[in-house]
Amino acid sequence: MTAITIPDFCLVVLIGSTGAGKSTFARRHFKPTEIISSDYARGLISDDENDQAISVDAFDLVATIAEKRLKHRRLAVIDATNVRAPDRKRWVELARKWHALPAAIVLDVDLYDCMAHNKDRPDRQFGPG
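Residues numbered from 1 in each chain as written. Predicted model: local features only at pLDDT ≥ 70, side-chain atom pairs only at ≥ 80, totals over all residues. Heavy atoms only, no water.

J.: Explain the pairing of strand E1 (residues 10-15) to me, please; I cannot follow it from the model alone.
T.: The side chains of a regular strand alternate between the sheet's two faces. Along E1, six of the six residues are buried, which leaves the element largely enclosed by surrounding structure. Side chains Cys10, Val12 and Leu14 of E1 all project onto a buried face; the interleaved residues Leu11, Val13 and Ile15 project onto the opposite face, where all are buried too. As paired elements, E1 and strand E4 (residues 101-106) share six bridges and run parallel to each other. Paired with Ile15 across the strands is Val106, a residue of E4. Of the pairings in the sheet, the one linking E1 to strand E3 (residues 76-79) comprises four bridges and is parallel in character. Counterpart to Leu14 in the pairing with E3 is Asp79. (Buried < 20%, exposed > 50% of the residue type's maximum accessible area, 1.4 Å probe, protein only. Helix = DSSP H or I, 4+ residues; strand = E, 2+ residues; numbered from the N terminus. Pairing = 2+ DSSP bridges.)

J.: Looking at this model, I keep getting lost on the packing of aromatic side chains. Mind explaining?
T.: The description of two aromatic rings rests on the distance between their centres and on the angle between their planes. Overall, the coordinates contain one aromatic pair when judged by the stated rule. Of note, Arg73 hangs over the ring of Phe9, and the distance from its end group to the ring centre comes to 4.0 Å. (Phe/Tyr/Trp six-rings, centres within 6.5 Å; stacked < 30°, edge-to-face > 60°. Lys NZ or Arg CZ within 6 Å of the ring centre and 35° of its normal.)

J.: I keep staring at the sheet that holds E3 and nothing clicks. Help me out?
T.: In sheet architecture, strand pairing relies on hydrogen bonds along the backbone and comes in two forms, parallel and antiparallel. In space, the four strands of this open sheet follow the order E2-E3-E1-E4, with parallel pairing throughout. Either end of the sheet is taken by a strand with one partner, and the two such strands are strand E2 (35-37) and E4. The mean inter-strand angle of the sheet, taken between neighbouring strand axes irrespective of direction, is 25 degrees. Helix-sheet contacts for helix H1 (residues 22-29) involve E1, E2, E3 and E4, and the interaxial angle to E1 is about 145 degrees. (Axes fitted to C-alpha atoms, helices over the stretch in contact; angles between N-to-C directions. Contact = heavy atoms within 4.5 Å.)

J.: I tried to follow the pairing of E3 on my own but got confused; where do I start?
T.: Here E3 shows a buried face lined by Ala76 and Ile78 and a second buried face lined by Val77 and Asp79. Sheet topology note: the E2/E3 ladder contains three bridges and is parallel. Directly across from Ser37, in E3, lies its bridge partner Asp79.

J.: Which parts of the structure should I look at to understand the pattern of salt bridges?
T.: If the charged atoms of two oppositely charged side chains come close together, the side chains can form a pair. Taken as a whole, this structure holds five salt bridges when the rule is applied. Between Arg42 and Asp39 there is a salt bridge; the shortest N-O distance is 2.8 Å. Here Arg42 pairs with Asp39, and both are found in helix H2 (residues 38-46), just three residues apart, close to one helical turn. For Asp39, a relative accessible area of 17% gives the class buried. Of the charged contacts in the structure, one is a salt bridge between Asp60 and Arg90, with a shortest N-O distance of 3.1 Å. On the criterion of sequence distance, the pair formed by Asp60 in helix H3 (residues 55-71) and Arg90 in helix H4 (residues 85-97) is long-range, its members being 30 residues apart. (Salt bridge = Lys/Arg side-chain N within 4 Å of Asp/Glu carboxyl O.)

The structure is reproduced here in structure tokens:
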């Protein structure tokens, strides 16, 4: 396993497909209070972590929480797919606003492994796409 060293004050963006293990990785390496999950935000808003229809509001909530943590010089970890460059740009801009280092951790997991992980999750029936 590779050791990862990050500063105490930064914004960490997890990057990987659905089923890549981002949430599991986050739980193993970060405090629960440091992790800001888009799925959890969806659940807070709509009582359904899989409700993609409210993603805009969920990501607004994630950004608000991340900004409050950075304002108080706390580590923030964004647990979302973040596979598109425009999605990551938002987090880089937020980190820079608060003079925090933007960092990325990419979980490069084989597509078929991601599909197998998702198949084993009854709450995540998005299909192979």
